[in-house]
Amino acid sequence: MRITVDRSKCTALGVCESLAPELFEVQEDGSLIILNERPEGSLCSAAREAVEGCPTEALRIEED
Amino acid sequence: MEKDGLVVVGASLAGLRAVESARRLGYSGRITLIGAEEHLPYDRPPLSKEFLASGEPVDPVFRAERALREELGVDLRLGRYATGLDCRQRVVRLGDEEVSYSALVIATGAQARTLPDTAGLRGVHALRTLDDARSVREALDAGARTVIVGAGFIGSEVASAARKRGLPVTLVEAATVPLTRSVGSEMGGLLAELHRRQGVDLRLGAGVQRIDGSGSAESVVLTNGAEIPADLVVVGIGAAPCTGWLEGSGIDLDPRDKGVLCDSTLAVNAPGVYAAGDVCHWISDLFRGRLRLEHWTSAAEQGSLAARNALSLDDAKPYDTVPYFWSDWYDSRIQFVGEPHADDIQVVDKEWEDGKLLALYRKADRLVAALTVNRPTLIMKLRRMIASRASWQEAVEFAEEKVRN
Ligand SMILES: Cc1cc2nc3c(=O)[nH]c(=O)nc-3n(C[C@H](O)[C@H](O)[C@H](O)COP(=O)(O)OP(=O)(O)OC[C@H]3O[C@@H](n4cnc5c(N)ncnc54)[C@H](O)[C@@H]3O)c2cc1C
Ligand code: SF4
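Criteria and thresholds
- Residues numbered from 1 in each chain as written.
- Chains lettered and ligands numbered in written order.
- Predicted model: local features only at pLDDT ≥ 70, side-chain atom pairs only at ≥ 80, totals over all residues.
- Heavy atoms only, no water.
- Core = buried A, V, L, I, M, F, W, Y, C linked by side-chain atoms within 4.5 Å.
- Buried < 20%, exposed > 50% of the residue type's maximum accessible area, 1.4 Å probe, protein only.
- Helix = DSSP H or I, 4+ residues; strand = E, 2+ residues; numbered from the N terminus.
- Contact = heavy atoms within 4.5 Å.
- Phe/Tyr/Trp six-rings, centres within 6.5 Å; stacked < 30°, edge-to-face > 60°.
- Lys NZ or Arg CZ within 6 Å of the ring centre and 35° of its normal.
- Expected span 1.5 Å × (residues − 1).
- Pairing = 2+ DSSP bridges.
- Axes fitted to C-alpha atoms, helices over the stretch in contact; angles between N-to-C directions.
- Domains from an automatic or database assignment.
- Buried area = accessible area lost by both parts, 1.4 Å probe.
- Salt bridge = Lys/Arg side-chain N within 4 Å of Asp/Glu carboxyl O.
- Near = heavy atom within 4 Å.
- Polar contact = N/O pair within 3.5 Å; in protein donor to acceptor, adjacent residues only side chain to side chain.
- Areas by Shrake-Rupley, 256 points an atom, 1.4 Å probe, with all protein chains shown as cover.
- Nonpolar A, V, L, I, M, F, W, Y, C, P; charged D, E, K, R; others polar.

Asks: Sorry if this is basic, but what is going on with the nonpolar core here?
Replies: As a rule of thumb, soluble globular proteins bury nonpolar side chains together. All names here are of chain B. V92, V105 and L360 are the most contacted members of the largest nonpolar core, which has 84 residues in total. If one sorts the elements of this core by residue count, helix α7 (residues 296–311) sits on top with 7 residues. With 46 residues, the next largest nonpolar core counts L47, L127, F153 and I334 among its residues.

Asks: I tried to follow the environment of A267 of chain B on my own but got confused; where do I start?
Replies: Residues and elements named next belong to chain B. Looking at where A267 falls in the secondary structure, it is placed in the loop between β18 (260–261) and β19 (273–275). Look at A267 and you get buried, because its relative accessible area is 15%. Sequence separation between A267 and V92 is 175 residues, and the spatial gap between their C-alpha atoms is 17 Å. Excluding anything up to four places from it in sequence, A267 contacts L261, C262, V273 and Y274.

Asks: Which parts of the structure should I look at to understand the packing of aromatic side chains?
Replies: Aromatic rings considered in pairs are described by the distance between their centres and by the relative angle of their planes. Residue and element names in this part refer to chain B. Here the structure, examined in full by the defined rule, presents 6 aromatic pairs over all chains. Aromatic side chains F153 and F325 sit 4.8 Å apart centroid to centroid with 65 degrees between the ring planes, which places their arrangement in the edge-to-face category. One end of the pair, F153, is in helix α4 (residues 153–164); the other, F325, is in strand β22 (residues 324–329), and 172 residues separate them in sequence. Side by side, F153 and F325 carry an identical accessibility label, which is buried. An aromatic cluster is defined as three or more aromatic residues linked by ring pairs; in this entry it consists of F153, F325, W329, F336 and Y361. Just above the ring of W352 sits the side chain of R197; from NZ or CZ to the centre is 5.0 Å.

Asks: Which parts of the structure should I look at to understand helix α3 (residues 130–141) of chain B?
Replies: Across its 12 residues, α3 of chain B extends 16 Å between first and last C-alpha, which sits within 8% of the 16 Å expected from 1.5 Å per residue. Those residues of α3 of chain B lying buried are L130, D132, A133, V136, R137, A139 and L140 of chain B.

Asks: Can you walk me through the sheet that holds strand β16 (residues 232–235) of chain B in this structure?
Replies: Adjacent strands of a sheet form backbone hydrogen bonds with each other and so pair up, either parallel or antiparallel. All names here are of chain B. Spatially, the 5 strands line up as an open sheet ordered β9-β16-β10-β11-β12, and their pairing is parallel. The strands lining the two open edges of the sheet, one partner per strand, are β9 (124–126) and β12 (201–204). Going across the sheet, the axis of each strand differs from the next one's by a mean of 20 degrees, ignoring polarity. As defined by bridge partners, β9 adjoins β16 across 3 bridges and the pair is classed as parallel.

Asks: What's the story with the domain arrangement of chain B in this structure? I'm lost.
Replies: How big an interface is tends to be expressed through the accessible area that disappears when the partners come together. All names here are of chain B. In terms of domain boundaries, chain B breaks down into domain 1 (6–111 + 239–315), domain 2 (114–235) and domain 3 (331–404). Relative to domain 3, the C-alpha centre of domain 2 lies at a distance of 29 Å. Tallying the contact residues gives 12 residues for domain 2 and 14 residues for domain 3. Of the roughly 1,100 Å² buried at the junction of domain 2 and domain 3 (both faces included), carbon and sulfur atoms supply 70%. Counting every contact that joins domain 2 to domain 3 gives 0 salt bridges.

Asks: What am I meant to see in the site of ligand 1 here?
Replies: Residues and elements named next belong to chain B. Looking at ligand 1, there are 33 residues lining it, with S12, E37, R44, K49 and R128 nearest. Between A36 and ligand 1, the recorded distance is 3.0 Å, taken from a backbone N or O atom to a nitrogen atom. Here an oxygen atom of ligand 1 sits 3.3 Å away from a polar atom, N or O, in the main chain of H295. Here ligand 1 loses 94% of its free accessible area of 1,000 Å² to cover by the protein chains.

Asks: Can you walk me through the interface of chain B and chain A in this structure?
Replies: Each side of the interface is counted separately: chain B has 21 residues, and chain A has 19 residues. Across the interface of chain B and chain A, roughly 1,600 Å² is buried in total on both sides, 43% from carbon and sulfur atoms. R375 of chain B serves as the salt-bridge partner of E28 of chain A, at 3.3 Å between the closest nitrogen and oxygen. For the pair chain B and chain A, the number of links is 14 residue pairs in polar contact (both at pLDDT 80 or more). Put simply, the parts of the chain that give the side of chain B that touches chain A at least two residues each are α1 (13–24), α7, β22, β23 (332–338) and α8 (379–387) of chain B. Among the elements that take part in the side of chain B that touches chain A, α8 of chain B stands out by supplying 4 residues, more than any other. Class assignment for the residues of the side of chain B that touches chain A results in 6 nonpolar, 5 polar and 10 charged.

Asks: Looking at this structure, I do not really get unusual backbone geometry. What am I missing?
Replies: If a residue is not glycine, its phi is most likely negative; likewise, a peptide bond is most likely trans. All names here are of chain B. Despite not being glycine, D117 shows a phi value in the positive range, around 60 degrees. Positive phi values are uncommon outside glycine, yet R389 reaches one of about 55 degrees. In this fold, R389 is placed in the loop between α8 and α9 (392–404). Here R389 falls in the partly exposed class, since its relative accessible area comes to 37%.

Dropping the structure here:
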């Protein structure tokens, strides 16, 4: 799977980071960094939770 | 009368998430979503933020009607009030009609509290619904002199929107310090400075005596006698759970605010019935007691879990969370995680000139909450520390270290 973020929607609320800190980190300037765009194993379910949890629906998962 | 199925009452965030999670879990039975508002389910946080900004507003609708009806296969009943519940017959009443359920999720949220004797006066609005937001927006577009009653988060966001448009704003708050319940008095006082800096006329410790005007609002008279001219009065004095329809149903309600009482799995005291969102009090293990939140994140999560638990009979999962909310004032992003009842609050960093703040809340020797202003990279790390019951010392060391870098 591959995670993508729509930067026009993301407002740096950080819910994704709190659900999957291995995958996401909000920066001091309010931008979001995806630490690992292609998670594997147990991180996949964390990624799905983060996508679901994002209040602005900014995250997407593309399945390979 | 229809047999069976999942019925969700309240077609907003928690209700929508309940429906989506049921389908995601593979539930293929009948789903009925009942909502009192005519609108498709929409998102509330933008209503006091982007929606009030100058420029074309966008209705923050979550899903297109087709997606709900066809893709999710939901029997959508908009503009319909649930008027009663019979837990023994397992039916929800909509006036004369009855909808039967095998599983029920109560997600009727909360409604804005209003000031007495102001009904029918034009220019006086709460801000809870899309219709409220449209009215407030219209008044701002017309250049209203704005008086906001209640300096809570929603009132504060309206103040920001009005000041950003250059309109005169008076913010009236009955307490001597705003936001005491949400962030504690010390921090409430600090946040209030953000308003003063932006030229808001902040009146603390002043109640509203009455609103004068014939037909539409003309001025707000305070308990201290002051009279403030107003074209728009936005009342932001809190919200109360919408549970009038549950009266007499036997569902346990909180004696004070009439919210629905749930156990730790969001189950209510009737078979197959769960509650989620602003309407519900549930038992948090992490904070050792009952909580009722009015926060986006928990309403969304509870909606999903309530449907899951309602549909899978034998392994109901408990809900727990470190409460999280955010609020946007002027150019400040305020974020709060945890439970504000603390023994002590330590300000780790206050670069107030740059608009930054980091404060930690201690109870006994644990970190129980954190408040940040314009520090988006720290807040979720602190949230995780609270969840893992981090010690106070560990939290302070972490925060000091981060601030130094
Ligand atoms: C202006 C505003 C700004 C906000 N900003 C933030 C923010 O920045 N951050 C944050 O964390 N949270 C914020 N919130 C809070 C967040 O929006 C709520 O926590 C969330 O909407 C709760 O969702 P809910 O589905 O539980 O209830 P609600 O959104 O209240 O929805 C309940 C629905 O049930 C319907 N209903 C009620 N009674 C009945 C009945 N008898 N029959 C049928 N339907 C019924 C109502 O009409 C309503 O549509 C904000 C709220 C508002 C109003
Ligand atoms: S949860 Fe959504 S809005 Fe928040 S930081 Fe993550 S992607 Fe951005």
